[in-house]
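What the coordinates show
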Amino acid sequence: MLIDLHVHTYPRSQCSNIDPMDLVQEAKRIGLDGFCLTEHQVLWGVDEVKRLAEDNGIKIFRGNEITTAQGDVLVFGLDKDIQGVITVQELYKEVKTAGAFSIAAHPFRGFKVFGLGQIGLSLDQACKKKILQFVDAVEIRNGRVTESENELAHKVAERIGLPGTAGSDAHELDALGTWVAIFENDIRTEADLIKELRAEKFTIGTAR
Ligand SMILES: [Zn+2]
Ligand SMILES: [Zn+2]
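Quick summary incoming for the structure in this document.

What counts and how
Residues numbered from 1 in each chain as written. Chains lettered and ligands numbered in written order. Predicted model: local features only at pLDDT ≥ 70, side-chain atom pairs only at ≥ 80, totals over all residues. Pairing = 2+ DSSP bridges. Helix = DSSP H or I, 4+ residues; strand = E, 2+ residues; numbered from the N terminus. Axes fitted to C-alpha atoms, helices over the stretch in contact; angles between N-to-C directions. Buried ≥ 20, exposed ≤ 12 C-beta atoms within 10 Å, placed from the backbone. Right-handed = clockwise from strand over helix to strand, strands pointing away. Core = buried A, V, L, I, M, F, W, Y, C linked by C-beta atoms within 7 Å. Contact = placed C-beta atoms within 7 Å. Expected span 1.5 Å × (residues − 1). Arc of directions from axis to C-beta.

Considering the sheet that holds strand S9 (residues 202-205)
- Read from one edge to the other, the open sheet built from nine strands follows the order S7-S6-S5-S4-S3-S2-S1-S8-S9, with strand pairing classed as mixed. Looking along the sheet, the strands with just one partner apiece sit at the ends: strand S7 (164-167) and S9. Along the sheet, successive strands turn relative to each other by an average axial angle of 35°, direction set aside.
- Pairing between strand S1 (residues 2-7) and strand S8 (residues 180-183): two bridges, direction antiparallel. Paired with Ile-3 across the bridge in S8 is Ala-181.

Some thoughts on the environment of Ala-199
- Within the element layout of this structure, Ala-199 appears in the loop between helix H6 (190-198) and S9.
- Sequence separation of Ala-199 and Glu-184 is 15 residues, and the distance between their C-alpha atoms is 11 Å.

Section: the pairing of strand S2 (residues 34-37)
- The two faces of S2 match: Gly-34 and Cys-36 on one face and Phe-35 and Leu-37 on the other face are all buried.
- Looking at chain direction, S1 and S2 are connected through three bridges and run parallel. Residue pairing in the sheet places Ile-3 in a bridge with Gly-34 of S2.
- As for the winding sense of the linkage, the β-α-β connection from S1 through helix H1 (residues 20-29) to S2 is right-handed.

Structural notes on the nonpolar core
- Ile-3, Cys-36, Val-73, Val-75, Ala-104, Val-135 and Val-138 are the most contacted members of the largest nonpolar core, which totals 53 residues.
- Those residues in contact with Val-75 that lie beyond four places of it in its chain are Gly-63, Asn-64, Ile-66, Val-95, Ala-100 and Ser-102.

Some words on helix H5 (residues 147-160)
- The first and last C-alpha atoms of H5 sit 20 Å apart over 14 residues, in line with the 20 Å expected at 1.5 Å per residue.
- Regarding H5, the residues found buried are Glu-149, Asn-150, Leu-152, Ala-153, Val-156 and Ala-157. Projected down its long axis, H5 shows its buried positions confined to an angular sector of 160°, all on one face.

Quick look at H1
- Taken as a whole, H1 has its buried residues at Leu-23, Val-24 and Ala-27. Axial view of H1: buried residues confined to an arc of 95°, hence all on one face. Exposed residues on H1 whose side chains face more than 90 degrees from its buried face are Met-21 and Arg-29.
- Of the surrounding elements, those touching the buried residues of H1 are S1, S2 and helix H2 (46-56).
- In the segment just after H1, Gly-31 is the residue with positive phi, at about 90°.

Here we look at the pairing of S7
- Across the two faces of S7 the burial is the same, with Gly-164 and Ala-166 and Thr-165 and Gly-167 all buried.
- Here strand S6 (residues 137-142) pairs with S7 via four bridges, running parallel. Pairing of Asn-142 across the sheet is with Gly-167, part of S7.

Below, the structure is given as structure tokens:
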């Protein structure tokens, strides 16, 4: 089951130009079974999402991309509206209380990654990044960062033993599905999604 875990739509995410109606059509066209709406600091309404999913015969899950003082975090299963500055520790407390699931989004976006002749972040330094101590998983494939930034996230997730997830972070329609999680089992509800993420019953791929 192919699910893009990280998608932004307009107008809830002002930085996106994806219309939700176009999104469901494109998702079906490229063969996604579903996607997660992870707007910035705003959750879709339960009924709205249910209607959009049922009317179009596709699975849609509600997420949220929350900006913490230590970086962006994708959360699933957290209904609380979080506004203003929050630390990743404070957010993780909320996540635990709610039985939710959180993912460090694009943790090395914009970082100079170690490499030939480049003074950048070493793997050891990268593993010590604070945000990684207060999340359930790490986004190791994000459609809007460089390959080396994704690769560093991948190595870090392996080293610290957290599940590595994937999502397009689409802000434009043609980016949808560039990275997806491929789940072993059927995902029907948000609870299923969280359970399967926690159990790492997925691999990573693309729908493009
Ligand atoms: Zn982000
Ligand atoms: Zn995003």
